[in-house]
Amino acid sequence: QVQPVESGGGLVQAGGSLRLSCAASGRTLSSYTVGWFRQAPGKERAFVAAISGSGGSTHYAQSVKGRFTISRDSATVYLQMNSLKPKDTAVYYCAADPVWLPRSQYEYDYWGQGTQVTVSS
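My aim in this report is to walk through the structure given alongside it, one point at a time. (Residues numbered from 1 in each chain as written. Predicted model: local features only at pLDDT ≥ 70, side-chain atom pairs only at ≥ 80, totals over all residues. Heavy atoms only, no water.)

Assignment of secondary structure puts Thr76 in the loop between β7 (68–72) and β8 (77–81). Given the relative accessible area of 14%, Thr76 is considered buried. Leave out the neighbours within four places in its chain, and Thr76 touches Ser21, Cys22, Ala23 and Ser71. (Helix = DSSP H or I, 4+ residues; strand = E, 2+ residues; numbered from the N terminus. Buried < 20%, exposed > 50% of the residue type's maximum accessible area, 1.4 Å probe, protein only. Contact = heavy atoms within 4.5 Å.)

For residues other than glycine, phi is negative in most cases, and the peptide bonds are mostly trans. Between Trp100 and the following residue, Leu101, the backbone shows a cis peptide bond with an omega angle of 0°. Tracing the chain through its elements places Leu101 in the loop between β9 (90–97) and β10 (110–111). Even without a glycine there, the phi angle at Ser83 is positive, about 50°. By the element assignment, Ser83 lies in the loop between β8 and β9.

Next up on the list: the side chain of Ser21. Within the secondary structure layout, Ser21 lies in strand β3 (residues 18–26). Residue Ser21 is classed as buried on the basis of its relative accessible area, which comes to 15%. Contacts of Ser21, omitting those with residues within four sequence positions, involve Val5, Glu6, Ser7, Trp36, Thr76, Val77 and Tyr78.

Take the nonpolar core next. Counting 29 residues, the largest nonpolar core has Trp36, Leu79, Met81 and Tyr92 as the members making the most contacts within it. Mapped by element, the contributors of at least two residues to this core are β3, β4 (33–39), β5 (46–51), β7, β8, β9 and β11 (115–120). Looking at this core element by element, the count peaks at four residues for β9. Counting six residues, the second-largest nonpolar core is a separate cluster that includes Phe37, Ala50, Tyr93 and Tyr108. (Core = buried A, V, L, I, M, F, W, Y, C linked by side-chain atoms within 4.5 Å.)

This part is about the packing of aromatic side chains. Evaluated as defined, the whole model comprises five aromatic pairs. Both rings, one in Phe37 and one in Trp111, keep their centres 5.0 Å apart while their planes meet at 45°; by these two values the pair is tilted. One end of the pair, Phe37, is in strand β4; the other, Trp111, is in strand β10, with 74 residues separating them in the sequence. Residue Phe37 shares its accessibility class with Trp111, and that shared class is buried. A ring pair is formed by Tyr108 and Trp111, whose centres lie 6.2 Å apart and whose planes are at 65°; its orientation type is edge-to-face. The class for Tyr108 is buried, based on a relative accessible area of 5%. (Phe/Tyr/Trp six-rings, centres within 6.5 Å; stacked < 30°, edge-to-face > 60°.)

Put into structure tokens, the structure is as follows:
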């Protein structure tokens, strides 16, 4: 079993950048599809980006294309967030699954606890 752990959240001004990391306790993430999701106050959790176990395939929500980049190395998945906007404020979660590409967030087997990202105007 793999337990994702997020880090890297914080407070940043609009237009700034943050890099989130998702690592795992227990087994490594190396063979898993990893997705990033976010939940803003009063809203449902939404898909942000996903990367395949090999790193060869990626998928993005339209709202973050061109601003966010998902990548990975052998142990960690990263979400580089540039040109941040106040509407990007949310708790960001990473999730892992053996399959590429889960059809919805409900098919991801393993979830982290989340990290807060706050973008001030």
